[in-house]
Amino acid sequence: MSRDIDRHDTDILILGTGGAGLFAALHTQQAAPEGTKITIAVKGLIGKCGCTRMVQGGYNVALGGGDTVERHFMDTIEGGKWLPNQDMAWRLCEQAVVRIRELENEIGCFFDRNADGTLHQKAFAGQTADRTVHKGDLTGIEIINRLMEQVLSRPVEKLQEHRAVGLIPTKDGSALAGVLMIDMRTGRFRFVRAKTVLMATGGGPTMYKYHTPSGDKTMDGLAMALRVGLPLRDMEMVQFHPTGLLAGAHSRMTGTVLEEGLRGAGGQLLNAAGQRFMFDYDGKGERATRDVVSRGIYAEMRKSNDPDQVGMFISMSHLGPDNVRARFKGMVKRCEDSGFDLAGGLVEVVPTAHYFMGGVVVDTDTRTGLHGLYVAGEDAGGAHGSNRLGGNGVANSTVYGGIAGDTMGADIRKMPRLRDPDESLLMAEYERARHPLSRPPDLVQPLRNRLQEAMWEDVGVMRDAAGMTRGLSRVRAIRRDLMDVGVASDTLAFNLTWHDWLNMASLCDVSEVIALAGLARENSRGAHYREDFPEAGDMAASYFTVAERAGDKVNVTRQDVDFSIVRPGETILPEGEPETLVAAQ
Amino acid sequence: MLDLRLYMLQRLSALIMVPLTLGHIAVMIYAVQGGLTAEEILGRTQGSLFWFLFYGSFVLAVSLHAAIGLRVIVYETFGLRGTTLVGLTWSIGLLLLGLGTQALVAVTWPGGV
Amino acid sequence: MRPARAHPLWLAFVLHRVSGLALALFLPLHFWVLSWALTQPQKLNQFLSFAEQPIVKIAEFGLIFLLAVHVFGGLRLMAMEWLPWSAPQKTLAAGAIGVAVLISGTFFLQVV
Amino acid sequence: MDADTAPLEVSVWRGDAEGGSFQQFEVPALENQTILDVVSWIQQYADATLTYRFACRVGMCGSCAMMVNGQPRWTCRTHVKKVLRDRHVEIAPLRNLPVIKDLAADMDPFFDKWIAAGGAHRPSASRDDPIPGIDPADGARVEASAGIECINCSICYAACDTVAGNPDYLGPAALQRAWTLLKDAKHEGRSAILDAVSGTGGCHNCHSMGSCTVFCPNDLDPMSAIAGLKRETTRSFFGRRK
Ligand SMILES: Cc1cc2nc3c(=O)[nH]c(=O)nc-3n(C[C@H](O)[C@H](O)[C@H](O)COP(=O)(O)OP(=O)(O)OC[C@H]3O[C@@H](n4cnc5c(N)ncnc54)[C@H](O)[C@@H]3O)c2cc1C
Ligand code: HEM
Ligand code: SF4
Ligand code: F3S
Ligand code: FES
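Every chain begins its residue count from 1, and numbering advances along the sequence as written. A letter from A marks each chain and a number from 1 marks each ligand, given out in the order of writing. Restriction of local features to residues with pLDDT of at least 70 applies here, the model being predicted, together with a cutoff of 80 or more for giving and counting side-chain atom pairs; totals for whole chains, interfaces and linings are based on all residues. Excluding hydrogens and water, the side-chain values take into account all heavy atoms of the structure.

### Comments concerning the interface of chain D and chain A
Now for step 1: Whether two residues touch is decided by their heavy atoms; if any such pair falls within 4.5 Å, the residues are in contact. Contact residues are listed per partner, giving 68 residues for chain D and 70 residues for chain A.
Now for step 2: Here the quantity called buried area is the accessible surface, traced with a 1.4 Å probe, that two parts lose on coming together, added over both. Between chain D and chain A, roughly 5800 Å² of surface is buried when both sides are summed, and carbon and sulfur atoms account for 53% of that area.
Now for step 3: It is Arg57, Met60 and Arg127 of chain D that lose the most area in chain D upon contact with chain A, and together they represent 16% of the buried surface on that side.
Now for step 4: Here, a salt bridge means any Lys or Arg side-chain nitrogen found within 4 Å of an Asp or Glu carboxyl oxygen. Our count for the chain D to chain A interface comes out at eight salt bridges.
Now for step 5: Residue arginine 127 of chain D pairs with glutamate 106 of chain A through a salt bridge whose shortest N-O separation is 2.9 Å.
Now for step 6: Any N or O atom pair separated by 3.5 Å or less is treated as a polar contact, with the protein-specific requirement of one donor-capable and one acceptor-capable atom, and with residues adjacent in sequence counted only for side-chain atom pairs. Applying the counting rule to chain D against chain A returns 45 residue pairs in polar contact (both at pLDDT 80 or more).
Now for step 7: Secondary structure elements are taken from DSSP: a helix is a run of H or I of four residues or more, a strand is a run of E of two residues or more, and numbering for both begins at the N terminus. The greatest single-element share of the side of chain D that touches chain A, amounting to six residues, is contributed by helix α1 (residues 35-46) of chain D.
Now for step 8: Counted by class, the side of chain D that touches chain A contains 32 nonpolar, 17 polar and 19 charged residues. Residue polarity follows a fixed list, in which Ala, Val, Leu, Ile, Met, Phe, Trp, Tyr, Cys and Pro are nonpolar, Asp, Glu, Lys and Arg are charged, and the others, Gly among them, are polar.

Below is the structure:
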């Protein structure tokens, strides 16, 4: 059967072509010795999948004018409710300054300017300075298009529509040997050996009924990391964006983001009776931070509990429909294409799973516990703690993607040869992926719907022990049922249903860990809110969760946060610095 | 297919023809009043250096212009390429040039040959 | 599997191509007929009187129309390519056809 | 069943590079349904082997483009109501590109041409230099900005008949990208772009059909960009390079 697997060798393998993957490809090409073979493999088309492309609001970077790296760092730590790995957060803020110059000067991005020619910066909720660099509200397209061009024009081997299904270590388990993939177009398996592998598959909490990430993201990376026994941290931390479009369960539009700026500009949230409700939950009303508004909407939805009228509404028309149309052209058009009138009418919204703070435990150079494996971007945990600031996501993926490229380029000099895989593990992964092909075919989608319901209802915006325990058993039941659902094996070439099945396997595995980690955190921090433990707990005794697979079980432990740079209640800003530089709205 | 050189040739020849064709149309509108005869045409044109240069440059320009134009059409609709295409372009151009010169001589040479 | 093309600029393109093609096919005939002036003047005259027939007149009208359409269409293209870009292309295209109709119309009125 | 709930009759092209044909499906009509939703429903509930491509679901990634009733469209942003003809709709893979399977086209030629047109930025400064101050209202920058929001969806490429007839032709999106770089003050070696777009597949092949501009879902105007390239190449032909 191992004859069914094509064998392929490279020196440096990169999984994913978001901000992290593409930056890694460029940097590793600069850093690695002449003649190093670089391969980039991706589940979709290069640069056309993943979430970096979908970034709207922008890129956080302190570029002076009163703002400093220290201030960016403090906002990140406080936003993350003291859970971030401080060294990672520091490096993120510090390197973002270099990365933005690289994006402008070397990659060719052009971000919006002020009339005097300097970069325009604005403030997302939770920031104390106008810090977010952007290109209109399509920042990600500018970043990824420019990066993609650079990568496409370089001698990098491209494996498009190649899905990674398993990380394969060496026989002694001391290092990574390579990655097993499916060439989706042909349906054939391909094992790629590499001296170093960057995993940058971008997490993606798409196990929730409402979610924003692109369809290709299904937690494959974290599920693979879990299977090779790597520790994952902060797995309970799922960020919900308050305003996802609600267009019905059958529509892929459902869950997609209605931008933050709508609320910033004065957009109002209304319940079915047409009343504003956010001031019942927070003094800032609709302008409160994402987690607060998400919980407000969720609580209101639960109050009304009307199966025919699920969501709340966003209303802009009081600002003048023409004004709204002019200011939010793209959003208005997008809503219009799917049948909603954002400028003049009401659009139904729900909180929607947006970003995954949890991820693989890495050091500040993106190295993991497995020799030869590196992780960057949304797959890596630590930089954001319990909550990611708007604008820190793309900064994180581009900064650490570049660092991963530099690190791999340097480390590979000490790696004279490729490593051989543990053939039995290779075959186990192969069998795992082929599992559905030998069962009687059945529908996969109903299981996905069930999983998304279970996670939304029981491990969602507001949680408690009973709910999460129930959620856990629902997820496990779905996982069992999945094993009985088969996929017809006559045409494996570009068989999306097979991939839906594999997506489900990854999503179930990670969902289980989310619920377990959620149960392990007995307080409420950032994105994690427990109704049975609503207090944040002692900041000085902050801990983060670490999940690790042992045999068939996943164990979650708590580890103390190392306040390596600043302690709760303290600041690294110079004395007398104002609390915020943002002019009050 | 069309590179800058061919493109410029086609556009420049077209530009040359603009006044020529417009002039030609104007003369025709004037001339057809009361019908056309060979004598009338020849009386105007034979032995005239002006008309020789006028129609001469038209023949040159149109051979170039039409040959390149047809080359594009043939390429895009029939997928002809390589030497066949080059050969065809030249044949069209030379055919037009040949016939054109013959007509030019017939119409403008002083007193016939 | 063809995109719907019934938009003004595409029609302008087709008109330009068809007229160019027709002219290119007509021109060798035209040259040939003219060359009779030298060798067989009476044949040319025969042809010219044959050309007095209404049906031939209409054909000639068409030909002049095509030439005019092609010339003005070509001018439009070159203006668009070389002069600083002006957006209302469609109006220009229509204008070119308008002028063509005008000229060929004049011609037609002259001959009948 | 009344007219609103009667199922949609959907013809879907099935096949691969070797060829194929249309297959009929009945799909339940639902509110807020896009063409991508229709295609997804078929794959999820009716025929598990149907292949198509999407990622972002909201018109940002440009990977879901298909021919809908013969016209190229982003399927994720095409409401069924907009294209339904008498309850019927026909869906086929994007035109002018090789088919991989069913509704998924191979976009490599499109991107190869993007690069061949000189469509990758060449730096004139490094990460150690300050970010250049550029007036956003500067004339050249305004022209560059007008074309920069292209999501490389290949809709224009599919709409263009010149591409259909001329396999070497770089196509509207790639040429538009070249134009934005030509107008980008930060781009090094701008004359290289003029060379890249002056070859046998270059901008001079465009017949200004304008289908690119008519069909671009982002309201971009590649036709004008290409005209701009013709103008600049002509200028340099006469040695009046500025
Ligand atoms: C709608 C939206 C708006 C956002 N707006 C902002 C914002 O304004 N500011 C901000 O800072 N952040 C924002 N974010 C977050 C930001 O996009 C992400 O944090 C960041 O881009 C992640 O980058 P990445 O490179 O890790 O992953 P991605 O860009 O998601 O890329 C992941 C890549 O991995 C590939 N992949 C996945 N699985 C596999 C597999 N099994 N095998 C091979 N390849 C695989 C994917 O196809 C993709 O190419 C937003 C996110 C979304 C969804
Ligand atoms: C007198 C003024 C003329 C002008 C200004 C003119 C202009 C042009 C231009 C600009 C094109 C290029 C079109 C494109 O690439 O899309 C063109 C194409 C063409 N022209 Fe002319 N032309 C003229 C006369 C003629 C004549 C007299 C003939 C016939 C013999 C002719 C035959 C053609 C042909 C066959 C094409 C190719 C059409 C195509 O590519 O679709 N032209 N012309
Ligand atoms: S120009 Fe428009 S249609 Fe063409 S690829 Fe770009 S976004 Fe798509
Ligand atoms: S449709 Fe094609 S011909 Fe030119 S103007 Fe657009 S590229
Ligand atoms: S799915 Fe991304 S543009 Fe349609």
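Resuming the write-up.
### Considerations on a nonpolar patch on the surface
Now for step 1: For patch detection, residues must exceed 30% relative accessible area and be free of salt bridges, and they are connected within 9 Å for like charges or within 5 Å for nonpolar side chains (Val, Leu, Ile, Met, Phe, Trp, Tyr). Methods summary: accessible areas were calculated by the Shrake-Rupley approach with a probe of 1.4 Å, and residue burial reflects only the protein chains presented. Where nonpolar side chains cluster on the molecular surface, the patch consists of Leu12 and Leu15 of chain B together with Phe237 and Phe238 of chain D and spans about 330 Å² of accessible area.
Now for step 2: With respect to the helices and strands, leucine 15 of chain B occurs in helix α1 (residues 4-31).
Now for step 3: In this scheme, a residue with accessible area under 20% of its type's maximum is buried, one over 50% is exposed, and one in between is partly exposed, where area comes from a 1.4 Å probe on protein chains only. For leucine 15 of chain B, a relative accessible area of 37% corresponds to the partly exposed category.

### As for the sheet that holds strand β13 (residues 238-245) of chain A
Residues and elements named next belong to chain A.
Now for step 1: Taken together, the four strands give an open sheet; going across it, the order is β13-β16-β15-β14, and neighbouring strands pair in antiparallel fashion. The strands lining the two open edges of the sheet, one partner per strand, are β13 and β14 (268-270). Between one strand axis and the next, the sheet turns by 40° as a mean value, whatever way the strands run.
Now for step 2: Examined bridge by bridge, β14 and strand β15 (residues 312-315) share three bridges and lie antiparallel to one another. In the strand pairing of β15, leucine 270 is matched with phenylalanine 313.
Now for step 3: In the packing of helix α7 (residues 290-304) onto the sheet, the strands contacted are β13, β14, β15 and β16 (346-356), and the crossing angle to β13 comes to about 65°. Pairing between strands requires that DSSP locate at least two bridges from one strand to the other. Here the axes come from fitting lines to C-alpha atoms, over the contacting stretch only for helices, and the angles between their N-to-C directions go from 0 to 180 degrees.

### Things to note about the arrangement of the chains
Now for step 1: Contacts are most numerous, across the four pairs of chains in contact, for chains A and D.
Now for step 2: The two units chain A and chain B never meet; even their closest C-alpha atoms stay 23 Å apart.
Now for step 3: With no contact between them, chain A and chain C keep their nearest C-alpha atoms 20 Å apart.

### Details of the coordination of the iron atom of ligand 2
Now for step 1: Here a donor is any nitrogen, oxygen or sulfur atom (N, O, S) within 2.8 Å of the metal, with 3.2 Å used for Na, K and Ca; water is not among the atoms considered, so some sites may look incomplete. Looking at the iron atom of ligand 2, the protein donor atoms are His65 of chain B (NE2) and His70 of chain C (NE2), and they sit 1.9 to 2.0 Å from it.
Now for step 2: One can describe the site at the iron atom of ligand 2 as octahedral: its six donor atoms subtend angles covering 88 to 178° at the metal. Here histidine 65 of chain B, found in helix α3 (residues 49-78), pairs with histidine 70 of chain C, found in helix α3 (residues 54-82), and the two come from separate chains. A single burial state applies to histidine 65 of chain B and to histidine 70 of chain C, both of which are buried. Any coordination sphere not matching a tetrahedral pattern (four donors, all angles between 85 and 135 degrees) or a square planar or octahedral pattern (four or six donors, opposite donors over 155 degrees apart, other angles between 65 and 115) is reported as irregular.

### Brief notes about the domain arrangement of chain D
Residue and element names in this part refer to chain D.
Now for step 1: In terms of domains, chain D is made up of domain 1 (8-105) and domain 2 (108-241).
Now for step 2: Boundary definitions for the domains trace back to an automatic or database domain assignment. Computed from C-alpha coordinates alone, the two centres of domain 1 and domain 2 are separated by 30 Å.
Now for step 3: Facing 15 residues of domain 1, the contacting portion of domain 2 comprises 17 residues.
Now for step 4: When domain 1 packs against domain 2, close to 1200 Å² is buried across both sides, 66% of that on carbon and sulfur atoms.

### Examining the interface of chain B and chain C
Now for step 1: Taken residue by residue, the interface counts 40 residues in chain B and 29 residues in chain C.
Now for step 2: Carbon and sulfur atoms make up 78% of the surface buried where chain B meets chain C, a total of about 3000 Å² over both sides.
Now for step 3: Our enumeration of links across chain B and chain C arrives at two salt bridges.
Now for step 4: In this structure, glutamate 81 of chain C and arginine 11 of chain B form a salt bridge, with 3.0 Å as the shortest nitrogen-oxygen distance.
Now for step 5: Residue assignment for the side of chain B that touches chain C shows that the elements contributing at least two residues are α1, α2 (38-45), α3 and α4 (82-108) of chain B.
Now for step 6: Broken down by element, the residue count for the side of chain B that touches chain C peaks at twelve residues, all from α1 of chain B.
Now for step 7: When grouped by side-chain class, the residues that make up the side of chain B that touches chain C number 28 nonpolar, nine polar and three charged.

### Here's the deal with the environment of tyrosine 59 of chain A
Residues and elements named next belong to chain A.
Now for step 1: Tracing the chain through its elements places tyrosine 59 in strand β4 (residues 59-60).
Now for step 2: Tyrosine 59 gets classed as buried once you look at its relative accessible area, which sits at 0%.
Now for step 3: In the structure, tyrosine 59 is positioned 74 residues away from valine 133 in sequence and 5.0 Å away in space, judged by C-alpha atoms.

### Observations concerning the site of ligand 4
Residue and element names in this part refer to chain D.
Now for step 1: Near ligand 4 there are 13 residues, and of these Cys160, Thr162, Cys206, Gly210 and Cys212 occur at the shortest range.
Now for step 2: Elements with a contribution of two residues or more to the shell around ligand 4: α9 (211-215) and α10 (222-237).
Now for step 3: Class assignment for the residues of the shell around ligand 4 results in eight nonpolar, five polar and no charged. The nearness test applies per residue and asks whether one of its heavy atoms lies within 4 Å of the molecule or strand.

### Structural notes on the nonpolar core
Now for step 1: Nine residue types can take part in a nonpolar core, namely buried Ala, Val, Leu, Ile, Met, Phe, Trp, Tyr and Cys, and a core is a set of them joined through side-chain atoms within 4.5 Å. Counting residues in each nonpolar core, the largest one holds 260 residues, and the members touching the most others are Leu15 and Tyr59 of chain A.
Now for step 2: In terms of residue count, helix α14 (residues 496-520) of chain A provides more of this core than any other element does, 14 residues in total.
Now for step 3: The residues that make up this core include at least three from each of domain 1 (8-105) and domain 2 (108-241) of chain D.
Now for step 4: Ranked by size, the runner-up nonpolar core spans 22 residues in total, among them Tyr55, Leu99 and Leu104 of chain B together with Ala24 of chain C.

### Details of the pattern of salt bridges
Now for step 1: All told, the structure shown has 62 salt bridges over all chains when counted by the stated rule.
Now for step 2: As a salt-bridge pair, glutamate 260 of chain A and arginine 290 of chain A come within 2.7 Å of each other at their nearest N and O atoms. Taken together, the positions of glutamate 260 of chain A in the loop between β13 and α6 (261-264) and arginine 290 of chain A in helix α7 put the pair 30 residues apart, joining distant regions of the chain.
Now for step 3: We classify arginine 290 of chain A as buried; its relative accessible area is 11%.
Now for step 4: In this structure, the salt-bridge partner of arginine 141 of chain D is aspartate 184 of chain D, at a minimum N-O distance of 3.8 Å. Here arginine 141 of chain D is found in helix α4 (residues 139-147), whereas its partner aspartate 184 of chain D is found in the loop between α7 (172-182) and α8 (190-196), with 43 residues between them in sequence. Take arginine 141 of chain D and aspartate 184 of chain D: they sit in the same class, and that class is buried.
Now for step 5: In this structure, a network of salt bridges that share partners links the residues Arg91, Asp363, Asp365, Arg367, Asp411 and Lys414 of chain A.

### Things to note about the site of ligand 3
All names here are of chain D.
Now for step 1: Looking at ligand 3, there are 13 residues lining it, with Cys150, Cys153, Ser154, Cys156 and Cys216 nearest.
Now for step 2: Secondary structure elements with two or more residues in the shell around ligand 3: α5 (155-159) and α7.
Now for step 3: Classifying every residue of the shell around ligand 3 by side-chain character gives nine nonpolar, four polar and no charged.

### A short note on the pairing of strand β3 (residues 65-68) of chain D
Residues in a regular strand point their side chains to alternate faces of the sheet.
All names here are of chain D.
Now for step 1: Burial along β3 is two-sided: the residues Ala65 and Met67 and Met66 and Val68 are all buried.
Now for step 2: Of the pairings in the sheet, the one linking β3 to strand β4 (residues 71-74) comprises four bridges and is antiparallel in character. Among the inter-strand pairings, valine 68 is bridged to a residue of β4, identified as glutamine 71.
Now for step 3: Between the end of β3 and the start of β4, which pair antiparallel, lie two residues, with asparagine 69 showing a positive phi angle near 50°.
Now for step 4: By the bridge criterion, three bridges tie β3 to strand β5 (residues 88-93) in an arrangement that is antiparallel. Among the inter-strand pairings, valine 68 is bridged to a residue of β5, identified as isoleucine 91.

### Re the sheet that holds strand β6 (residues 132-133) of chain A
Now for step 1: Ordered by their spatial adjacency, three strands build an open sheet running β4-β6-β5 (chain A), and the pairing between neighbours is antiparallel. Lying at the two open borders of the sheet, with one neighbouring strand each, are β4 and β5 (121-122) of chain A.

### Describing the packing of aromatic side chains
Now for step 1: Note on aromatic pairs: the rings of Phe, Tyr and Trp (six-membered ring only in Trp) are paired at centre separations within 6.5 Å, and the planes decide the class, stacked below 30 degrees, edge-to-face beyond 60, tilted for the rest. For the coordinates displayed, the defined rule picks out 21 aromatic pairs over all chains.
Now for step 2: With a centroid separation of 5.5 Å and an interplanar angle of 80°, the aromatic rings of tyrosine 298 of chain A and tryptophan 456 of chain A are classed as edge-to-face. Of this pair, tyrosine 298 of chain A sits in helix α7 while tryptophan 456 of chain A sits in helix α12 (residues 445-458), placing them 158 residues apart in sequence. In this pair, the class of tyrosine 298 of chain A matches that of tryptophan 456 of chain A, namely buried.
Now for step 3: Ring geometry for tryptophan 41 of chain D against tyrosine 45 of chain D: centres 5.8 Å apart, planes inclined by 35°, an arrangement best described as tilted. Taken together, the residues span about one helical turn, with tryptophan 41 of chain D and tyrosine 45 of chain D both in helix α1 at a distance of four residues.
Now for step 4: For tyrosine 45 of chain D, a relative accessible area of 32% puts it in the partly exposed group.
Now for step 5: By way of ring pairs, the aromatic residues Tyr208, Tyr210, Phe240, Tyr298 and Trp456 of chain A are connected into one cluster.
Now for step 6: Sitting over the ring of phenylalanine 23 of chain A, arginine 99 of chain A keeps its end group 5.3 Å from the ring centre. Placement of a charge over a ring requires the Lys NZ or Arg CZ to be within 6 Å of the ring centre, with the centre-to-atom vector within 35 degrees of the ring normal.

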